[in-house]
Amino acid sequence: MTSDNFRQTRNRIGSAAIIIAVFSLLSKILGLARDAIFSHQFGTGPVIDAYFAAFRIPDFVFNLLILGTFSVAFIPIFSEYLIKDKEKANRLANSIINVTLLMIFVFSLLALVFINPLISAIAPGFQGETRELAKTFTKIFLLSPIFLTLSSITSSMLNTHRRFAIVSAAPLLYNASIIAGAVWLYPKFGPMGLAFGVVLGAFLHFIIQVPQLLSLGFRYEFKIDTRQPGFIQFWKLYWPRIFSMGTGQITLLITSIFGSFLGAGALSSFYYANNLQGVFLSIFAVSAALAVFPVMSDLFNEKDMTGLKDVIAHTTIQILYFVIPLSVLMLILRAQVVRLVLGIGQNTNFTFNDVRTVAATLGLFAVSMFAQGLIQLFTRAFYAMQNTRIPVIISFITIAINIVATAILVRKFGVPGLAMAFSITSLIELAILMMELHVKLGNIHDEYLIVLTLKIVISSLVAGIITYITLYIVAPFVPMNKYVGVLTQAIISGLVGSLAYLAVSWVLGLAETRNIISVTRSAVAKAGKPFAYIWSMWS
């Protein structure tokens, strides 16, 4: 890849990642608002335990069969067809859509029929009211995979066309609908109101994307052409991917099984912490991996292996540049973050003990955030190369390790043990993926990666030390027993730590920092022009 082409590719990836990241940030802010409302209204009691557990069956069906699994099989083939013939690409899409919808409908129906044994399987420790609530929630939630499947297919097609904005905006409606369910529907319909909000959100997640897909010339037809080579190739790639992309869902199922025996509040504490780390992970890691996946697929289809390695190396540093310092700050400010987000409001049901448990769990998640982020990228790199065997084998190893680690650690540490097992598993999975990626591609600019990663780690550690010191400097000057005091302490410490990270990384010569500072200067200069003009008129 020439330097000009590489710069163009970087710009395309950067623009797409920014669009995804901005909407992801807005969606995650709504997600934080959702969790804040849940924690205030329900704390970590049986209703919210049942609510989180009930997602496991529909989420398992959807995430295992569709989310991640569908896109990584569909995008490379659809991209290849689009390059050659748009009409054939759309016919292929219709065939795949129809079979996929039939499949997801059958799985959802089977889950509904066998609801009782499934609830016993995912939450064997639930009894009485909690079990019945989980069953009721699950029955209603099983409608959502159908709408989310339609949404995921539409998203994959739009992403292949490089239309990221509306796809990234869809989760905003999903989270907004869930919030509406908690605020307005729950008081009227009880727990059923929470479930209705989820299903409505899934429908809105799909329908908002339809107009743009139609504007690109796609027309739906109920036809299945099994003779197309792309159709056959899709299913050859699809089924093995279930075992690898489904690892996360199986891990969460394992968590639900073991967590259901830990008593009221255990599962909700785990998921509250997981959702908090997911905010930053989605914005700075998942968004980059999603944006770069179609580009990696195109480069592989064009046999540009040098360009593929360039993109993988650059995106790796891009993810680490943001995720490592954020994970360090989260580790240090974990208690403040949990208190500010989940303990907000007067007369909250989220107790001090809840804050302590969720904060400890969040800290253990923070240790592996960089690994979770890079797993998203490296797994998609294999799929862009249409390699299914390696991710499948790694997934089986990962699941086995997770079961053993969870069984051992949950007995000793309770809820934090669930997160500890999750992090250990993520670190091992990343290590294996890195080794196999080197076997497949050889040197992926290793010296570049090692040097820049060390610079990021050093900058992050310095920032973490300064943040920790600032916490204790600020504490005597603010009322720490009040929300405003904790907020002030967190903002000042986080801001000082962030500035320290930028300063040290600037001194160490990280290009990402120089780009950020350059963009900031330009934005400030543009924003200041009207004031400068007014000042010149008066002076």
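All figures in this text were calculated on a predicted structure; none of them were measured in a lab. (Residues numbered from 1 in each chain as written. Predicted model: local features only at pLDDT ≥ 70, side-chain atom pairs only at ≥ 80, totals over all residues. Heavy atoms only, no water.)

1. Here's the deal with the overall build of the protein chain
Then step 1. When you go through the protein chain residue by residue, the secondary structure sums to 23 helices and 0 strands.
Then step 2. The C-alpha atoms of the protein chain give a radius of gyration of 24 Å, which matches the 24 Å a tight globule of 539 residues would have.
Then step 3. Seen along its three principal axes, the alpha-carbon backbone of the protein chain occupies a region of about 70 × 65 × 55 Å.
Then step 4. With 539 residues in all, the protein chain has 54% of them scored as buried.
Then step 5. A separation threshold of at least 6 residues defines the contact pool for the protein chain, and within that pool the share at least 24 residues apart is 85%.
Then step 6. Surface summary for the protein chain: the accessible area is close to 23300 Å², and the carbon and sulfur share equals 70%. (Helix = DSSP H or I, 4+ residues; strand = E, 2+ residues; numbered from the N terminus. Rg over C-alpha atoms; globule rule 2.2 N^0.38 Å. Buried < 20%, exposed > 50% of the residue type's maximum accessible area, 1.4 Å probe, protein only. Contact = heavy atoms within 4.5 Å. Areas by Shrake-Rupley, 256 points an atom, 1.4 Å probe, with all protein chains shown as cover.)

2. Focus: the pattern of salt bridges
Then step 1. One pass over the structure, following the stated rule, counts 7 salt bridges.
Then step 2. Here arginine 34 and aspartate 35 are joined by a salt bridge, their closest N and O atoms 3.1 Å apart. Per residue, the accessibility class of arginine 34 equals that of aspartate 35, and both read buried. (Salt bridge = Lys/Arg side-chain N within 4 Å of Asp/Glu carboxyl O.)

3. Some remarks on the packing of aromatic side chains
Then step 1. Scanning the model with the defined rule gives 29 aromatic pairs in all.
Then step 2. Between the aromatic rings of phenylalanine 137 and phenylalanine 141, the centroid separation amounts to 5.8 Å while the plane-to-plane angle is 10 degrees, which identifies the pairing as stacked. Note that phenylalanine 137 and phenylalanine 141 are positioned in helix H7 (residues 128-141) at a spacing of 4 residues, about one turn of the helix.
Then step 3. With relative accessibility at 1%, the residue phenylalanine 137 sits in the buried group.
Then step 4. Assessed through its relative accessible area of 0%, phenylalanine 141 is described here as buried.
Then step 5. Geometry around phenylalanine 300 places lysine 303 over its ring, the cationic atom sitting 5.5 Å from the centre. (Phe/Tyr/Trp six-rings, centres within 6.5 Å; stacked < 30°, edge-to-face > 60°. Lys NZ or Arg CZ within 6 Å of the ring centre and 35° of its normal.)

4. Quick word on the environment of proline 76
Then step 1. Locating proline 76 in the fold gives a position in helix H4 (residues 69-84).
Then step 2. Residue class for proline 76 comes out buried when judged on its relative accessible area of 0%.
Then step 3. Dropping the residues within four chain positions of it, proline 76 is found in contact with Ser71, Phe293, Ser297, Asn301, Tyr383 and Gln386.

5. As for the nonpolar core
Then step 1. Counting residues in hydrophobic clusters, the biggest one holds 133 residues, and the most contacted among them are Tyr51 and Met296.
Then step 2. Excluding anything up to four places from it in sequence, tyrosine 51 contacts Phe38, Phe137, Phe141, Ile178, Leu194 and Val198. (Core = buried A, V, L, I, M, F, W, Y, C linked by side-chain atoms within 4.5 Å.)

6. Overview of the layout of surface pockets
Then step 1. The calculated volume of the second largest pocket comes to roughly 470 Å³.
Then step 2. Looking at the second largest pocket, it is lined by 17 residues, and the ones nearest its centre are Ala335, Gln336, Phe352, Val355 and Met480.
Then step 3. At the level of secondary structure, the elements contributing two or more residues to the lining of the second largest pocket comprise helix H16 (334-342), helix H17 (352-366), helix H21 (446-474) and helix H22 (483-507).
Then step 4. Take the lining of the second largest pocket: its biggest share by element is 5 residues, from H17.
Then step 5. Its residues assigned to classes, the lining of the second largest pocket shows 12 nonpolar, 2 polar and 3 charged. (1 Å grid on protein atoms, 1.4 Å probe; cavity = no way out; pocket = protein on both sides within 12 Å on 5 of 7 lines; lining within 4 Å. Points joined across faces, edges and corners; volume = space filled by probe spheres on them. Nonpolar A, V, L, I, M, F, W, Y, C, P; charged D, E, K, R; others polar.)

7. Overview of the packing of helix H15 (residues 305-332) against helix H18 (residues 369-384)
Then step 1. Packing of H15 against H18 brings their axes to within 8 Å, and their N-to-C directions diverge by 160 degrees. It follows that H15 is roughly antiparallel to H18 by the angle criterion. H18 is crossed by H15, and the crossing has right-handed handedness. Contact residues: H15 offers Ile312, Thr315, Thr316, Ile319, Leu320, Val323, Ile324, Ser327 and Met330, while H18 offers Met369, Phe370, Gly373, Leu374, Leu377, Phe378 and Ala381. (Axes fitted to C-alpha atoms, helices over the stretch in contact; angles between N-to-C directions. Parallel < 35°, antiparallel > 145°, perpendicular 65-115°, else oblique. Left-handed = near helix turned anticlockwise from the far one by under 90°.)

8. Regarding a nonpolar patch on the surface
Then step 1. Together, Phe105, Val106, Leu109, Leu110, Leu112, Val113 and Phe114 give the surface a local cluster of nonpolar side chains, amounting to about 650 Å² of exposed area.
Then step 2. When you line up the elements, leucine 109 lands in helix H5 (residues 86-113).
Then step 3. We classify leucine 109 as partly exposed; its relative accessible area is 45%. (Patch = residues over 30% accessible without salt bridge, like charges linked within 9 Å, V, L, I, M, F, W, Y side chains within 5 Å.)

9. Some words on the side chain of glutamine 372
Then step 1. When you line up the elements, glutamine 372 lands in helix H18.
Then step 2. Here the side chain of glutamine 372 touches glutamine 277 through a polar contact of 3.0 Å, side chain to side chain. (Polar contact = N/O pair within 3.5 Å; in protein donor to acceptor, adjacent residues only side chain to side chain.)

10. What to know about unusual backbone geometry
Then step 1. Notably, lysine 303 is not glycine yet its phi reads approximately 60 degrees, a positive angle.
Then step 2. Topologically, lysine 303 is positioned in the loop between helix H14 (266-301) and H15.
Then step 3. Judged by relative accessible area, which is 64%, lysine 303 ranks as exposed.
Then step 4. Positive phi values are uncommon outside glycine, yet histidine 445 reaches one of about 55 degrees.
Then step 5. Within the secondary structure layout, histidine 445 lies in the loop between helix H20 (415-441) and H21.
Then step 6. Take histidine 445: its relative accessible area is 34%, and that puts it in the partly exposed class.

11. Things to note about the environment of asparagine 353
Then step 1. As for its placement among the helices and strands, asparagine 353 is situated in helix H17.
Then step 2. Among the polar contacts listed, one links the side chain of asparagine 353 to the side chain of arginine 356, at a separation of 2.9 Å.

12. Topic: the side chain of threonine 251
Then step 1. Mapped onto the secondary structure, threonine 251 falls in helix H13 (residues 247-259).
Then step 2. On the basis of relative accessibility, which here comes to 6%, the residue threonine 251 falls in the buried class.
Then step 3. Not counting residues up to four positions away in its chain, the partners in contact with threonine 251 are Asn402 and Phe422.

13. Quick notes on the confidence of the model for the protein chain
Then step 1. With 92% of its residues at a pLDDT of at least 70, the protein chain reaches an overall mean of 87.
Then step 2. The secondary structure element of the protein chain with the lowest average pLDDT is helix H23 (residues 511-538), at 71, and the one with the highest is H21, at 96. (pLDDT = per-residue confidence, 0-100.)

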